Amino acid sequence: MEKKLQVGILGATGMVGQRFISLLEHHPWFEVVTVAASPRSAGKTYEEAVGDRWKMTTPMPESVKHLKVMNVNEVEAVAAGVDFVFSAVDMSKEEIKAIEESYAKAEVPVVSNNSAHRWTPDVPMVVPEINPEHFEVIKDQRKRLGTEKGFIAVKPNCSIQSYAPVLTAWKEFEPYEVVATTYQAISGAGKNFKDWPEMEGNVIPFIGGEEEKSEQEPLRLWGKVEDGQIIKASEPAITCQCIRIPVLNGHTAAVFVKFRKKVSKEELIDRIRSFSGLPQELELPSAPKQFIQYMDEENRPQITLDVDYENGMGISVGRLREDTVYDYKFVGMSHNTVRGAAGGAVLSAELLTAKGYITAGKK
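Rules of the game
- Residues numbered from 1 in each chain as written.
- Predicted model: local features only at pLDDT ≥ 70, side-chain atom pairs only at ≥ 80, totals over all residues.
- Heavy atoms only, no water.
- UniProt positions renumbered as here; feature names shortened; annotations may be inferred.
- Domains from an automatic or database assignment.
- Contact = heavy atoms within 4.5 Å.
- Buried area = accessible area lost by both parts, 1.4 Å probe.
- Salt bridge = Lys/Arg side-chain N within 4 Å of Asp/Glu carboxyl O.
- Helix = DSSP H or I, 4+ residues; strand = E, 2+ residues; numbered from the N terminus.
- Nonpolar A, V, L, I, M, F, W, Y, C, P; charged D, E, K, R; others polar.
- Buried < 20%, exposed > 50% of the residue type's maximum accessible area, 1.4 Å probe, protein only.
- Core = buried A, V, L, I, M, F, W, Y, C linked by side-chain atoms within 4.5 Å.
- Expected span 1.5 Å × (residues − 1).
- Bend = angle between axes of the 7 residues up to and from the residue.

You'll find the protein entered in an unreviewed UniProt entry as Aspartate-semialdehyde dehydrogenase, with Lacrimispora algidixylanolytica given as the organism. Regarding the protein, the UniProt comment filed under Sequence similarities (unreviewed entry) reads as follows: "Belongs to the aspartate-semialdehyde dehydrogenase family."

**Student:** Summarise the domain arrangement of the protein; cite the residues concerned and give the values.
**Tutor:** Partitioning the protein into structural domains gives domain 1 (5-155 + 342-355) and domain 2 (159-334). Using C-alpha coordinates to define each centre, domain 1 is positioned 25 Å away from domain 2. At the junction of the two partners, domain 1 supplies 36 residues and domain 2 supplies 37 residues. Contact with domain 2 buries surface across domain 1, with Trp-119, Glu-129 and Ile-130 losing the most and accounting together for 24% of the total. Linking domain 1 to domain 2 there are 2 salt bridges. Two residues, Asp-195 and Lys-55, come together in a salt bridge whose shortest N-O distance is 3.0 Å. Those elements giving two or more residues to the side of domain 1 that touches domain 2 turn out to be α1 (15-23) and α12 (338-354). Per-element tally for the side of domain 1 that touches domain 2: the top contributor is α12, with 7 residues. Residues that form the side of domain 1 that touches domain 2 fall into these classes: 18 nonpolar, 7 polar and 11 charged.

**Student:** Requested: an account of the UniProt feature "active site" (unreviewed entry) in the protein, with residues and values cited.
**Tutor:** What UniProt calls "active site" (unreviewed entry) maps, in this numbering, to Cys-158 and His-251. With the annotated positions falling across 94 residues, the maximum pairwise C-alpha distance of 7.8 Å places them together in a single cluster. Its place among the elements puts Cys-158 in the loop between β6 (152-154) and α7 (164-169). You can call Cys-158 buried: its relative accessible area is 11%. Not counting residues within four places of it along the chain, the set of residues in contact with Cys-158 comprises Glu-210, His-251, Ser-334, Asn-336 and Gly-340. Among the structural elements, His-251 can be located in strand β11 (residues 251-259).

**Student:** For the nonpolar core, give the residues involved together with the corresponding values.
**Tutor:** Judged by nonpolar contacts, the single largest core of 57 residues is most densely connected at Tyr-163, Trp-170, Trp-222 and Phe-330. In this structure, this core is formed jointly by two domains, domain 1 (5-155 + 342-355) and domain 2 (159-334), each of which donates at least three residues. Beyond its immediate chain neighbours, meaning those up to four positions away, Phe-330 contacts Ser-162, Tyr-163, Val-166, Trp-170, Ala-253, Ala-254, Val-255, Val-257, Val-317, Gly-318, Arg-319 and Leu-320. Val-16, Ile-21, Phe-30 and Ala-287 belong to the second-largest nonpolar core, a separate cluster that totals 47 residues.

**Student:** Break down α12 for me, with residues and values.
**Tutor:** An α-helix turns once per 3.6 residues; consequently, residues spaced three or four apart project the same way. Here α12 contains 17 residues, and its C-alpha end-to-end distance of 21 Å is more than 12% below the 24 Å for a straight helix at 1.5 Å per residue. At Gly-344, α12 shows its maximal bend, which comes to roughly 50°. Extensive coverage of α12 is indicated by the burial of 16 of its 17 residues. Positive phi shows up at Gly-356, right after α12, with a value of about 85°.

Printed below as a string of structure tokens:
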């Protein structure tokens, strides 16, 4: 790419906004030129606005420290300086829906980490290795919005990244019933242990809204495009429990699966290891070379050893074995703020750029 695309981050001061900024620091295609946040942060430098709330393990990039934070509600002003935006705003669902649509109507593509538009029929919700063909609905969304360039694309919930890719790799064996329990890191709530000391040594057996997302969103990933909308798949039936555990990063899932077709453990492992998609084929900058790794050791995957596999963009799977009630069971793990949030959105933006949906300029 001759000239980097100019990127804005909406909700830049929060944890996912910070993750976007750290991931994009040396990006070969994208350059963060605009940071936008709530009116209370507007007018300050990014460094002042974040203050002592920088939650990444790497230092704040010098390139953003002195950027002046813009008011995220001043859509035209923010839109004027960027080719597209990543959205990680912290607002009510209705406010997020409205503001993301306002940016799209201002001819700015919006790649969102938020859940507000995940069930808007003509908004693609994509894991680039699983359902890149869903980006086709963007042309219909643009007709509805009356835009030439602007659109919204979203990524799914962080909780499903530990098992939805695995089930996708096994599609030919027709999984039809799935039980999953997720063990989710505190960064998924935008917090670290300093913010949330009561999570030290604690487990909370409830995460608001998470179980419904974990059960339903995979079905939308596996859905089909019909008449400019995404129609969700009817199978497999998925039931979930989602539990908050005292780790900073990394969501783990314990999963049980029933298949219609008879399949061996060796075949399942082979499909995991050989599974790849368009990001690998196109060698996109953030794409993991090996999307899913299978680990033979009985005590893997582990958060401390495996959460940063493929720079946090890969999925780690282990403990696959036959089950006495279901056919097979396994444990999956993914990095919830990299693959599960900002990193997944960056990879989507790379694919949207490679496919010509995101381009420089307003036309």
